[in-house]
Amino acid sequence: MRIDRLELREIGLNLKERFEISSGGRQDRRVLLLRVEAGGQTVWSECVAAEDPSYSYETTDTAWHVLTDFVLPVVAGTDVDDPREMLAPVAWIRGHPMALAAVEMAGWALESARRGAALRDVVGGTAESVPVGVSVGIQGTDDALIERVRAFVEQGYRKVKIKIKPGRDVAMLRVLREHFPDVPFMADANSAYTLADVDHLKQLDELDLMMIEQPLAWHDLRDHARLQAELATPICLDESIRSVEDARLAHELGSGRIINIKPGRVGGFASSVAIHDFCRAHDMPVWCGGMLESGVGRAYNLALASLPGFSLPGDISASSRYWARDVVTPEFVVDGGHMRVPSGVGIGVDLDLDFIDALTVRRQAFEG
C-alpha cells in the first residue's frame, strides 16, 4: 500500500477543568492529529505529546519538528505491506516515541481499512468491551476530592486513580478510604518521591490500594525494586517502561508487579503488543493508561485494551469526562463500568471534520 499523502494538524482543545498532577497541571491542550491517505483509504491518528516536558522530554513542538522535518517527508510515497514497516525509512531516529507512534499506529488503522476488519481484530484483541477507570487530578481540598470521586463512582467506573504528591497523599487517601470503603482506588505519584520517603509510603499499605503508580524517578528501575521490597502494595510502572526490554529488566529486578502500557509512550502498537505478550507470559497484569487524548487517541487505546492480558481497568474515560465536545462521533460513553471497543474499520468512529477544521491552528502536508 503506497502512502500517498500525510497531513499533520495542530488543534486547540480545552479541558472542562484543569487537570493537576504532582509536576503541574494543564487545561489548554495543543493536540496533534495526523491524517494519512493510502490505497484509497484515509485514517487519522494522534500524537499524545504534552505541551511541556513534565511527563516526557517530548512536547507538542518537538513532535511537530521531528514529524515535519524528518519523518513525514520520508514516509510519504513509500510502499507499506505491514504496519510494522511504517517506520522502516526512519529507523535511524533515536527516541521520540510519541512522535513516531502517531505514524506507526496510523499504519495499523490503514491495515484495518485494507482488510475491512476492526482495528481490534488487526491488533489481536478479543474483547468487545473493556472495563474502564477514571483519573482524578489533585484537588485543593479533601471535600472537593470526595465530591469528584462520588460523581465518578455513581457513573460506574471500575477503578478510580487518585493523583498524589507530598503533602497531598496518605492523610488525604485515608479520608477518602473512610468515605468509600469498597471503591477500587489506586494512587499515582508521577515520580514525586524518593527512597528517603520509604517509611512514609509504607503507610499506604493500610489503605487497601490496587497499586501505587510510578512513585520514584521516571527513568528508574533499581530504586523501584528496593521500594517494592518494602511495600505490600503493588508498584505499577509507567514512565520507566519504554520498551519490552525495560519490561523484561523490571521483571528481573522486581521493580514492580504491574505495568501501565501507553502506546504513545512506548512508540506504538508493535511495542505495546510485545510488552503485553511478555507480561502475560510472566503473570504481570497490564492496563492501558491515558494521556488526555481526544477521541482519536481513545479509539486506539480501546483497541489495544481489548487484548487478553489487559486484566485491569484502564484510564479510558468517557469523552465527556474531559471535553465539552469531542472530535469524534459518536462520542465515547461508559456503560456499567465498561466501554465498547469500536467494531468499524479504521479507528471505528467518524471524525467531526468541520469541528476539526474550526479548531486547526496549523497544518503541513506531504505528498508521496
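Residues numbered from 1 in each chain as written. Predicted model: local features only at pLDDT ≥ 70, side-chain atom pairs only at ≥ 80, totals over all residues. Heavy atoms only, no water.

What to know about the overall build of the protein
Counted only if it meets this: Here a strand is any run of E in DSSP of at least two residues, a helix any run of H or I of at least four, and the numbering for each starts at the N terminus. Note on method: radius of gyration uses C-alpha positions; expected globular size equals 2.2 Å times residues raised to 0.38. Note on exposure labels: buried denotes an accessible area under 20% of the residue type's maximum, exposed denotes more than 50%, and partly exposed covers the range between, all computed with a 1.4 Å probe on protein chains only. In what follows, a contact means two residues having at least one pair of non-hydrogen atoms within 4.5 Å. Reported accessibility uses the Shrake-Rupley method at a 1.4 Å probe radius. Residues are deemed covered only where the shown protein chains occlude them.
Of the regular secondary structure elements, the protein holds 13 helices and 15 strands. At 20 Å, the protein has a C-alpha radius of gyration in line with the 21 Å of a compact globule built from 368 residues. When its C-alpha atoms are laid out on the principal axes, the protein stretches across 60 × 40 × 35 Å. Across the 368 residues of the protein, 59% fall into the buried class. For the protein, the share of sequence-separated contacts (at least 6 apart) that also reach a separation of at least 24 residues comes to 71%. Roughly 14,100 Å² of accessible area belongs to the protein as shown, and the carbon and sulfur atoms make up 48% of that amount.

So, the pattern of salt bridges
Basically, it comes down to this: The term salt bridge refers to a side-chain nitrogen of Lys or Arg lying within 4 Å of a carboxyl oxygen of Asp or Glu.
Counted under the stated rule, the structure contains 35 salt bridges. Here R120 ties to D121 by a salt bridge, and the two come within 3.2 Å at their closest N and O atoms. Linked by salt bridges that have partners in common, R5, E7, R9, R35, E37, D357, R363 and E367 make up one network.

Focus: helix 8 (residues 244–253)
For the record, the criterion: The directions considered for the arc run from the helix axis to the C-beta atoms.
Residues of helix 8 that are buried include every one of V244, D246, A247 and A250, and no others. Seen along its axis, helix 8 keeps its buried residues to an arc of 155°; they face one direction. Residue G254 follows helix 8 closely and has a positive phi angle near 75°.

Focus: the sheet that holds strand 7 (residues 185–188)
Defined as follows: Here, a strand pair is defined by DSSP locating no fewer than two bridges between the strands.
Strands sit in the order 5-6-7-8-9-10-11 across an open sheet of seven strands; the sheet is parallel. At either margin of the open sheet sits one strand with a lone partner, and together these are strand 5 (134–136) and strand 11 (286–288).

Some points on the packing of aromatic side chains
The condition is simple: Two rings belonging to Phe, Tyr or Trp (six-membered ring only in the last case) form a pair when the distance between their centres is within 6.5 Å. Interplanar angles under 30 degrees mark stacking, angles over 60 mark edge-to-face geometry, and anything in between is tilted. We call a charge positioned over a ring when the NZ of a Lys or the CZ of an Arg lies within 6 Å of the ring centre and within 35 degrees of the ring normal.
This structure, assessed with the given rule, holds six aromatic pairs. When the ring of F70 is compared with that of W92, the centres are 6.1 Å apart and the planes differ by 85°; the resulting orientation is edge-to-face. Of this pair, F70 sits in helix 1 (residues 60–75) while W92 is found in the loop between helix 1 and helix 2 (97–115), placing the two residues 22 residues apart along the sequence. Above the face of the W287 ring, K159 is positioned so that its terminal group lies 3.4 Å from the ring centre. The cationic tip of R362 hangs over the ring face of W64; the distance from NZ or CZ to the ring centre is 4.0 Å.

Some words on the packing of helix 8 against helix 10 (residues 269–281)
Put simply, the rule reads: With axes taken as lines fitted to C-alpha atoms, and helix axes fitted only over the stretch in contact, angles between N-to-C directions fall between 0 and 180 degrees. Just so you know how the angles are binned, under 35 degrees is roughly parallel, over 145 roughly antiparallel, 65 to 115 roughly perpendicular, and the rest oblique. Helix crossings are classified by the rotation of the near helix relative to the far one: an anticlockwise turn of less than a right angle makes the crossing left-handed, while a clockwise turn makes it right-handed. Three classes are used: nonpolar for Ala, Val, Leu, Ile, Met, Phe, Trp, Tyr, Cys and Pro, charged for Asp, Glu, Lys and Arg, and polar for all others, with Gly counted as polar.
Running from amino to carboxyl end, helix 8 crosses helix 10 at an angle of 25°, the nearest separation of the two axes being 8 Å. The orientation of helix 8 relative to helix 10 falls into the category roughly parallel. Here the hand of the crossing between helix 8 and helix 10 comes out right-handed. Between helix 8 and helix 10, the contacting residues are V244, A247, R248 and H251 on the first element and A274, I275 and F278 on the second. Residues belonging to the contact of helix 8 with helix 10 are distributed by class as follows: five nonpolar, one polar and one charged.

Section: the nonpolar core
For the record, the criterion: Among buried residues, those of type Ala, Val, Leu, Ile, Met, Phe, Trp, Tyr and Cys that are joined through side-chain atoms within 4.5 Å constitute a nonpolar core.
Counting residues in hydrophobic clusters, the biggest one holds 125 residues, and the most contacted among them are V71, I162 and L173. In terms of residue count, helix 2 provides more of this core than any other element does, 11 residues in total. Not counting residues within four places of it along the chain, the set of residues in contact with V71 comprises V66, V90, I93, L100 and V103. In terms of nonpolar packing, the next biggest core, distinct from the first, is built from six residues, M186, C236, I258 and L312 among them.

Describing unusual backbone geometry
Excluding glycine, residues mostly have negative phi values, and the peptide bonds linking residues are mostly trans. P330 follows T329 through a cis peptide bond whose omega is -10°. Looking at the secondary structure, you find P330 in the loop between strand 12 (328–329) and strand 13 (338–340). Although it is not a glycine, S191 sits at a positive phi angle of roughly 70°. Backbone geometry places L292, a non-glycine residue, at a positive phi of 55°. Following the sequence through the fold, L292 ends up in the loop between strand 11 and helix 11 (295–305).

A few points about helix 4 (residues 142–154)
We count it as follows: To estimate the expected span of a helix, subtract one from its residue number and multiply by 1.5 Å.
When the terminal C-alpha atoms of helix 4 are compared, their 18 Å separation across 13 residues agrees well with the 18 Å that a helix rising 1.5 Å per residue should span. Taken together, the buried positions of helix 4 are L145, I146, V149 and F152. Taken end-on, helix 4 shows its buried residues confined to a sector of 130°, consistent with a single buried face. Exposed positions of helix 4 whose direction lies more than 90 degrees from the buried face are D143 and E154. On its buried face, helix 4 sits against strand 5, strand 6 (160–163), helix 5 (170–179), strand 7 and helix 12 (319–322). A positive backbone phi angle near 95° is found at G156, which sits one or two residues after helix 4.

Digging into the side chain of K159
For clarity, the cut-off: Under the rule applied, a polar contact is a pair of N or O atoms within 3.5 Å (in protein, one hydrogen donor and one hydrogen acceptor; residues adjacent in sequence only if both atoms are side-chain atoms).
Structurally, K159 is set in the loop between helix 4 and strand 6. The exposure class assigned to K159 is buried, which follows from its relative accessible area of 0%. Here the side chain of K159 touches P313 through a polar contact of 2.8 Å, landing on its backbone oxygen. One polar contact links K159 to D315, side chain to side chain, over a distance of 3.3 Å. Sequence-distant contacts of K159, that is, excluding residues within four places in its chain, are made with V132, G133, V134, P184, M186, M210, W287, P313, G314 and D315.

Considerations on the pairing of strand 6
Put simply, the test is: For crossovers, right-handed means that the path from the first strand over the helix to the second runs clockwise, given strands pointing away from the viewer.
Along strand 6, one buried face is formed by V160 and I162 and the opposite face, lined by K161 and K163, is buried too. As judged from the three bridges shared by strand 5 and strand 6, these two strands associate in the parallel manner. By the bridge assignment, V136 is partnered in strand 6 with I162. As for the winding sense of the linkage, the β-α-β connection from strand 5 through helix 4 to strand 6 is right-handed. Judged from the four bridges that link them, strand 6 and strand 7 form a sheet pairing that is parallel. Considered in strand 7, the bridge of V160 is made with F185. Note on the crossover from strand 6 through helix 5 to strand 7: the handedness is right-handed.

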